[in-house]
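Examination of the molecular architecture
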Amino acid sequence: MAPSPEHHEGTPAASAEAPVTAIEDVGDGFRVSLGVFDGPFDLLLQLISQHELDITEVSLSRVTDEFIGYLKDLGPDELDEASEFLVVAATLLDMKVAGLLPQGELVDAEAVALLEARDLLFARLLQYRAFKEVSTWFERSLRREDKRHTRSVKLEDKHRSAVPELVWTLSADDFAALAMMAFAPKEIPLVGVDHLHAPLVSIREQAAVVVTLLRDAGTLNFRDLVSGITQTGLIVARFLSVLELYRHAALSFEQLEPLGELTLRWTASRWSDENLATLGADYDR
Amino acid sequence: MTDENDTAEPPARPQDAASVIRRVEAILLVVDEPQSLVSLATAVGSPVPAVRQAVESLVADYDGETGGPRRGFELREVGGGWRLYVREEHDDLVREYVSGQAPSRLSQAALETLAVIAYKQPITRSQIASIRAVNVDSVVRTLLGRGLITELFADPDTGALNYGTTDALLVNLGINSLDELPPISPLLDDGSTGFDAEIIR
Amino acid sequence: MTDENDTAEPPARPQDAASVIRRVEAILLVVDEPQSLVSLATAVGSPVPAVRQAVESLVADYDGETGGPRRGFELREVGGGWRLYVREEHDDLVREYVSGQAPSRLSQAALETLAVIAYKQPITRSQIASIRAVNVDSVVRTLLGRGLITELFADPDTGALNYGTTDALLVNLGINSLDELPPISPLLDDGSTGFDAEIIR
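All of these numbers come straight from a predicted model, not from anything done at the bench.

What counts and how
Residues numbered from 1 in each chain as written. Chains lettered and ligands numbered in written order. Predicted model: local features only at pLDDT ≥ 70, side-chain atom pairs only at ≥ 80, totals over all residues. Heavy atoms only, no water. 1 Å grid on protein atoms, 1.4 Å probe; cavity = no way out; pocket = protein on both sides within 12 Å on 5 of 7 lines; lining within 4 Å. Points joined across faces, edges and corners; volume = space filled by probe spheres on them. Helix = DSSP H or I, 4+ residues; strand = E, 2+ residues; numbered from the N terminus. Nonpolar A, V, L, I, M, F, W, Y, C, P; charged D, E, K, R; others polar. Pairing = 2+ DSSP bridges. Contact = heavy atoms within 4.5 Å. Axes fitted to C-alpha atoms, helices over the stretch in contact; angles between N-to-C directions. Polar contact = N/O pair within 3.5 Å; in protein donor to acceptor, adjacent residues only side chain to side chain. Buried area = accessible area lost by both parts, 1.4 Å probe. Salt bridge = Lys/Arg side-chain N within 4 Å of Asp/Glu carboxyl O. Core = buried A, V, L, I, M, F, W, Y, C linked by side-chain atoms within 4.5 Å. Buried < 20%, exposed > 50% of the residue type's maximum accessible area, 1.4 Å probe, protein only. Expected span 1.5 Å × (residues − 1). pLDDT = per-residue confidence, 0-100. Parallel < 35°, antiparallel > 145°, perpendicular 65-115°, else oblique. Phe/Tyr/Trp six-rings, centres within 6.5 Å; stacked < 30°, edge-to-face > 60°. Lys NZ or Arg CZ within 6 Å of the ring centre and 35° of its normal.

**Section: empty space enclosed by the protein**
For the coordinates displayed, the defined rule picks out three cavities of 30 Å³ or more. Considering only enclosed or pocket space, the largest cavity measures out at about 70 Å³ in volume. Lining the largest cavity we find A:Arg151, A:Val153, A:Lys154, A:Leu155, A:Glu156, A:His159, B:Arg83, B:Leu84, B:Tyr85, B:Val86, C:Leu29 and C:Val30. Among the secondary structure elements, those contributing two or more residues to the lining of the largest cavity are β2 (81–86) of chain B together with α1 (17–30) of chain C. The biggest single contributor to the lining of the largest cavity is β2(B), with four residues. Classifying every residue of the lining of the largest cavity by side-chain character gives seven nonpolar, one polar and four charged.

This is the structure in structure tokens:
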């Protein structure tokens, strides 16, 4: 009762043994065109998982390029589809890295490790696909059950009197205190790891410092930007925030010789501090 | 209650007695208030005489007069409408059950939800849930049952019900109006990024 | 659910099958959550086996299998308990009448995360994230807000919260226990070398 992938729905060749000749009929999603393969991405994954296509034969950089091109054309409505692909893309990139590593002689520890790594990647890919496919069952069941009506009616008045009278002890001020507690932003609790690592440094906070300093000065050396700081983590975070700001086209930098002086210049024509809120989100995990 | 007919024609319903009875039973199962024959007829898409007959046969059926067992509930006409009621002989059973279910104090979760509703009303359940970061359905039911909150109106776009507090809450808090709720906005200033501060009194 | 007996002795109830059935019907008419056999037994003052028999005969009775008519409602077991539902064929009728709000759909990301949690619970956010290879914080919050998952316990070593699914999820899926989830190991069968298969049901 394994739900078949959506792409195959309604086609006679819905089983995992779908002949490759049927690929023209399936999938309106991302298609790849490679020397050894031409068809929808899903089918490619399926073939890879069945070891019918050796991953090394597939030009992963080409898949990646086509994939990025496909993502660019996706509208905002299709964000879900894009996020779906992120896992697959990450896995493919992992495979690509594994494939690019020097393979060495036929039997050596590295090659074995590499094979193991590749199996792990397959496993991850398969696991991801399994959950993706079973999620269609969840969707169907949730949708079906959404339509069901159950009895949920108010108690008759005569029975309501059986409800024990409410004991109320809160003053208005207690109540307000409770409200504040309820409104306090709820972070999902995190474990303090300060005792294990150096205290966490926020790239966002460091970016705010960089923006302030640089916007005032216009031009600064990185050396000036970190003068007086002894904590390595802070310096690293400040450097990462410079890279992030560069990504946002907020600044440009110049370095005349390797390891030479790094000169930063504030170039943002429009900059709102709101940009800071999302800056460095990649590092949040 | 959809009293007006839409312009779209409702789907044709089978009109044999057994089908009408089943549809009437389905409607009776979910309604809070007694339903007149006319509104039942509208709901099930059958003429009033057929619905009257269905109701009469259900009454007899539930009373065990048609060969089946007498049921634990009955169909009674109250205030010009029909509704399912627990048979009177089981009232003490229900009362025991109800009193065993409801504690005399509100839980911390219920109190906090009540506070959220008090300060942000009118507010829908999903808005409450997103502030509380937990599911609030049963808590809202409890507060409704306690008469501390009430359904205000349905959102015109989504149909989601908006809730607000009642005078009973004011009485419990010993204040005369919502304006007398202690202000809490100044304390929300720090770190309240993205918070809709002006809604908070 | 009054699990403990009060010191006051509850009144003796007739224990013939017909009486037990009637009392169960009476309780089912007022509850607003699925009731386990144990809580029904407590409510009606009868032993669990008698209540189980009563429930079974009601299910058959409402389905028209005992000589009487098939009813417009049915008794279903969902989320570990029993509750009266409108028979599926009348759901459209009821929806037209009560004009409920359309429930908002879960995103694909939320559905997949829910699937991961359902099959691998108890599971921490970072474990979910490593399967989904994306940050799942906001999705987990959504699922918590919908009451579909809950915080189970904190990992004794790391303090990381473990999540699991709730009975509400079972109710929303229309199933009675996690065992009724479709097995996903067949989906993993091909080429799943090195895969930790025993974790997956």
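There's plenty left to go through after this.
**A closer look at the sheet that holds strand β4 (residues 149–154) of chain C**
Residue and element names in this part refer to chain C. Here three strands make up an open sheet; going across it, the order is β3-β5-β4 and the pairing antiparallel. Edge strands, defined here as strands with exactly one partner in the open sheet, are β3 (123–124) and β4. In terms of strand pairing, β4 meets strand β5 (residues 161–165) through five bridges, oriented antiparallel. Among the inter-strand pairings, Thr-150 is bridged to a residue of β5, identified as Gly-164. Lying on the sheet, helix α5 (residues 108–120) is in contact with β3, β4 and β5; it crosses β5 at an angle near 95°. In the packing of helix α7 (residues 137–145) onto the sheet, the strands contacted are β4 and β5, and the crossing angle to β4 comes to about 110°.

**Focus on the environment of C:Tyr97**
In this fold, C:Tyr97 is placed in helix α4 (residues 91–98). Separated by 2.3 Å, the side chains of C:Tyr97 and B:Gln35 make a polar contact.

**What to know about the interface of chain C and chain B**
Counting residues at the interface gives 42 residues for chain C and 47 residues for chain B. Buried area between chain C and chain B, summed over both chains or domains, comes out near 3800 Å², and the portion from carbon and sulfur atoms is 58%. Viewed at the interface, chain B and chain C are joined by 11 salt bridges. For the salt bridge of B:Arg141 with C:Asp32, the shortest nitrogen-to-oxygen distance reads 3.1 Å. In this assembly, chain C and chain B are joined by 12 residue pairs in polar contact (both at pLDDT 80 or more). Listed by contribution, the elements that provide at least two residues to the side of chain C that touches chain B are α1, α2 (37–44), α3 (48–62), β2 (81–86), α4 and α7 of chain C. Looking at which element gives the most residues to the side of chain C that touches chain B, the answer is α1(C), with seven residues. Of the residues contributing to the side of chain C that touches chain B, the split by class is 22 nonpolar, eight polar and 12 charged.

**Observations regarding the nonpolar core**
B:Val24, B:Ile27, B:Val51, C:Val24 and C:Val51 are the most contacted members of the largest nonpolar core, which totals 55 residues. Once you skip the residues sitting within four places of it in the chain, C:Val51 turns out to touch C:Val20, C:Val24, C:Leu37, C:Leu40, C:Ala41, C:Val44 and C:Ser46. Judged by nonpolar contacts, the second largest core, of 36 residues, contains A:Ala172, B:Ala110, B:Tyr119 and B:Leu143.

**Examining the sheet that holds strand β3 (residues 219–221) of chain A**
All names here are of chain A. Strand order in the open sheet formed by three strands is β3-β5-β4, and the pairing between neighbours is antiparallel. Two strands lie at the open edges of the sheet, namely β3 and β4 (251–255), each paired on one side alone. Neighbour to neighbour, the strand axes of the sheet diverge by 25° on average, direction disregarded. As paired strands, β3 and strand β5 (residues 262–266) are joined by three bridges and run antiparallel to one another.

**Re helix α1 (residues 17–30) of chain B**
With 14 residues, α1(B) ought to run about 20 Å at 1.5 Å a step, and its terminal C-alpha atoms sit 21 Å apart, in line with that. In terms of residue burial, α1(B) counts as a mostly covered element, since 11 of its 14 residues are buried.

**Structural notes on the confidence of the model for chain B**
Low-pLDDT portions of the prediction should not be read for the details of their coordinates. All names here are of chain B. Taken residue by residue, chain B gives an average pLDDT of 83. The fraction at 70 or more is 86%. Across chain B, helix α3 (residues 48–62) holds the top mean pLDDT of 96, while helix α6 (residues 125–132) sits lowest at 83. A low-confidence stretch, residues 1–7 stays under pLDDT 50, and its non-local contacts, those more than four residues away or across chains, total six contacts. Long-range and interchain partners of residues 186–201, a stretch whose pLDDT sits below 50, account for 23 contacts in this model, where long-range means more than four residues apart. Across the assembled chains, the prediction reports ipTM 0.72 with pTM 0.61.

**Details of the pairing of strand β1 (residues 73–78) of chain C**
Within a regular strand, the side chains alternate between the two sheet faces. Residues and elements named next belong to chain C. Most of β1 sits out of view: five of its six residues are buried. The sheet contact formed by β1 and β2 spans six bridges and is antiparallel. Counterpart to Phe-73 in the pairing with β2 is Val-86. Where β1 hands over to β2, the hairpin turn is made up of two residues, of which Gly-79 adopts a positive phi near 55°.

**Comments concerning the pattern of salt bridges**
This structure, assessed with the given rule, holds 26 salt bridges over all chains. For the salt bridge of C:Glu89 with B:Arg22, the shortest nitrogen-to-oxygen distance reads 3.9 Å. Of this pair, C:Glu89 sits in the loop between β2 and α4 while B:Arg22 sits in helix α1, placing the two residues on different chains. Take B:Arg22: its relative accessible area is 15%, and that puts it in the buried class. Note that C:Arg125 is salt-bridged to C:Asp137, the shortest N-O span being 2.9 Å. Taken together, the positions of C:Arg125 in helix α6 (residues 125–132) and C:Asp137 in helix α7 put the pair 12 residues apart, joining distant regions of the chain.

**Quick word on the pairing of strand β5 (residues 161–165) of chain B**
All names here are of chain B. Within β5, four of the five residues are buried, which leaves the element mostly enclosed by the surrounding structure. Bridge count for strand β3 (residues 123–124) against β5 is two bridges, and the pairing is antiparallel. If you follow Ile-123 over to β5, its bridge partner there is Tyr-163.

**Description of the packing of helix α7 (residues 203–217) of chain A against helix α9 (residues 232–247) of chain A**
Helix-helix packing is described using two parameters, namely the angle between the two axes and the distance between the axes. Residues and elements named next belong to chain A. For the pair α7 and α9, interaxial distance at closest approach is 8 Å and the crossing angle is 70°. The angle between the axes of α7 and α9 places the two elements in the roughly perpendicular class. Where α7 abuts α9, its residues Ile-203, Gln-206, Ala-207, Val-209, Val-210 and Val-211 lie against Leu-234, Ala-237, Arg-238, Leu-240, Ser-241, Val-242 and Leu-245. Residue composition of the contact of α7 with α9, grouped by class: 10 nonpolar, two polar and one charged.

**Focus on the packing of aromatic side chains**
If you walk through the whole model with that rule in mind, you get nine aromatic pairs over all chains. Residues A:Phe131 and C:Tyr119 carry aromatic rings whose centres are separated by 6.2 Å and whose planes lie at 55° to one another, so their mutual orientation is tilted. One end of the pair, A:Phe131, is in helix α4 (residues 109–146); the other, C:Tyr119, is in helix α5, on a second chain. Classification of C:Tyr119 by relative accessible area gives buried; the value is 2%. Both rings, one in A:Phe222 and one in A:Phe239, keep their centres 5.6 Å apart while their planes meet at 85°; by these two values the pair is edge-to-face. Separated by 17 residues along the polypeptide, A:Phe222 in helix α8 (residues 222–225) and A:Phe239 in helix α9 bring together distant segments of the chain. Take A:Phe222: its relative accessible area is 13%, and that puts it in the buried class. On the basis of relative accessible area, A:Phe239 is assigned to the partly exposed category, the value being 35%. The ring of B:Tyr85 carries B:Arg83 above its face, with NZ or CZ at 4.9 Å from the centroid. The positively charged end of C:Arg76 is found above the aromatic ring belonging to C:Tyr85, 4.5 Å away from the centroid.

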